[in-house]
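Reading the structure
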Amino acid sequence: MKVSSVPDRCCGSGVCVEIAPEVFDLDDDGFVQVLAEAPAPEHESATRDAATRCPTMAIVVDD
Ligand code: SF4
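An unreviewed UniProt entry annotates the protein chain as Ferredoxin originating from Pseudonocardia acidicola.

So, about the site of the ligand. Around the ligand, 14 residues are found, and the nearest of them are Cys-10, Ser-13, Gly-14, Cys-16 and Cys-54. Taken together, the residues that form the shell around the ligand break down as ten nonpolar, four polar and no charged.

Let us look at the nonpolar core. One finds Val-3, Cys-16, Val-23, Phe-24, Val-32, Ala-50 and Ile-59 to be the most contacted residues of the largest nonpolar core, which totals 15 residues. Secondary structure elements with two or more residues in this core: helix 1 (15-19), strand 3 (32-34) and helix 2 (44-53). Here this core takes three residues from helix 1, the largest share from any one element. Leave out the neighbours within four places in its chain, and Val-23 touches Val-3, Gln-33, Val-34, Leu-35, Ala-36, Pro-39, His-43 and Thr-47.

About the criteria used
All residue numbers here refer to positions counted from 1 along the written sequence of the relevant chain. Per-residue local features are limited, in this predicted model, to residues with pLDDT of at least 70; the limit for side-chain atom pairs, both in listing and counting, is 80 or more; totals at the level of whole chains, interfaces and linings are taken over all residues. Think of the side-chain values as coming from all heavy atoms in the structure, minus any hydrogens and water. To be near a molecule or strand, a residue needs just one of its heavy atoms within 4 Å of it. The classification used treats Ala, Val, Leu, Ile, Met, Phe, Trp, Tyr, Cys and Pro as nonpolar, Asp, Glu, Lys and Arg as charged, and all other residues, Gly among them, as polar. Here the nonpolar core consists of buried residues drawn from Ala, Val, Leu, Ile, Met, Phe, Trp, Tyr and Cys, with membership extended through side-chain atoms lying within 4.5 Å. Three exposure classes are used, based on accessible area relative to the maximum for each residue type with a 1.4 Å probe and protein chains only: buried under 20%, partly exposed in between, and exposed over 50%. Secondary structure elements are defined from DSSP: runs of H or I of at least 4 residues count as helices, runs of E of at least 2 residues count as strands, and each element is numbered from the N terminus. The criterion used for residue contact is that any of the two residues' heavy atoms lie within 4.5 Å.

Have a look at this one:
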């Protein structure tokens, strides 16, 4: 799995950080920062959940 973000879409809700804190964080400006571009297998499910629940569809997951 590869994960990336589209920063221009992020509204800084923090939903992804709540769901998968090992994979996402907010930067100093309050927008998403991908910590793990290739999440560990045990974090893949949460990563998919975060992408689905992101209110602005700012997370892109490629398998
Ligand atoms: S859930 Fe989406 S909008 Fe919210 S911080 Fe994460 S990437 Fe940004």
